[in-house]
Structure formats: structure tokens, C-alpha cells
Amino acid sequence: MPKTMSVLLREEFERNGYELLDIYRFKDHDLVRFRHKLTGRVYVASSKIHVSDLASPEEIHELVGKLVKEALGEKEK
């Protein structure tokens, strides 16, 4: 049975040292909440693309990179 996009997203976060906590879907965006495994810090990042609309593992890899960069950039300010 094929995996859903949220399961693939969870696995991609795991590969990057994060744990996916929640995905909140809104009409025009998704909010993704994830936790850094070593520090325990929780981050919230916004995605203009709905997770359920992603079509390939490459898109998931790209999305995780963008979400992590956005969350870390906001945290440093």
C-alpha cells in the first residue's frame, strides 16, 4: 500500500533530525509544527502548498528544507 504524503513528510523530517508533530490545514496554507530532537525546541512554519497536494518525494524533500530554513530564520531574529 502506498504511503500518504504526511507519512512521507514525517520520514523526511526524521532524516533531518526533527519530529513532525502536527499539520494544520487552512484554506490557503498549512501550518506545520515540528520539534528538533536534540534541543527539544518546537517550531511552527507556514507552507503555501498543502501537504496533501504534494506529488513526489522530491517535493517533500524541498518542502522540509524550506520549512526548516523558515523556522530557524524566524528563531534567530
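Nothing here was measured: the structure is a model prediction, and the numbers come from that model.

A.B. asks: Looking at this structure, I do not really get the overall build of the chain. What am I missing?
C.D. replies: Looking only at helices and strands, the chain features two helices and three strands. Taking the principal axes of its C-alpha atoms as reference, the chain extends roughly 40 × 25 × 20 Å. Considering the chain as a whole, with its 77 residues, one finds that 30% of them fall into the buried category. Residue pairs in contact within the chain that sit at least 24 positions apart in sequence constitute 33% of those at least 6 positions apart.

A.B. asks: How should I be thinking about the pattern of salt bridges in this particular structure?
C.D. replies: Should their charged atoms come close, side chains of opposite charge can pair. Throughout the structure, instances matching the rule amount to five salt bridges. Across the salt bridge formed by arginine 35 and glutamate 19, the nearest N and O atoms sit 2.6 Å from each other. Of this pair, arginine 35 sits in strand E2 (residues 30-36) while glutamate 19 sits in strand E1 (residues 18-25), and the two are 16 residues apart along the sequence. Note on arginine 35: relative accessible area 25%, which makes it partly exposed. A salt bridge links lysine 66 to glutamate 62, with the nearest nitrogen and oxygen atoms 3.3 Å apart. Taken as a pair, lysine 66 and glutamate 62 lie in helix H2 (residues 57-76) at a separation of four residues, close to a single helical turn.

A.B. asks: How should I be thinking about the pairing of E2 in this particular structure?
C.D. replies: Regular strands place their side chains on alternate faces of the sheet. On E2, burial follows the alternation: Asp30, Val32, Phe34 and His36 on one face are buried, whereas Leu31, Arg33 and Arg35 on the facing-out side are not. The sheet contact formed by E1 and E2 spans seven bridges and is antiparallel. Paired with glutamate 19 across the two strands is arginine 35, which belongs to E2. Taking the residues that link successive antiparallel strands as the turn, the E1-E2 hairpin has four residues. Of the strand pairs in this sheet, E2 and strand E3 (residues 42-47) are connected by six bridges, and their pairing is antiparallel. Considered in E3, the bridge of valine 32 is made with alanine 45. Connecting E2 to the next strand, E3, in antiparallel fashion are five residues, including glycine 40 with a positive phi near 80°.

Rules and cut-offs
- Residues numbered from 1 in each chain as written.
- Predicted model: local features only at pLDDT ≥ 70, side-chain atom pairs only at ≥ 80, totals over all residues.
- Heavy atoms only, no water.
- Helix = DSSP H or I, 4+ residues; strand = E, 2+ residues; numbered from the N terminus.
- Buried < 20%, exposed > 50% of the residue type's maximum accessible area, 1.4 Å probe, protein only.
- Contact = heavy atoms within 4.5 Å.
- Salt bridge = Lys/Arg side-chain N within 4 Å of Asp/Glu carboxyl O.
- Pairing = 2+ DSSP bridges.

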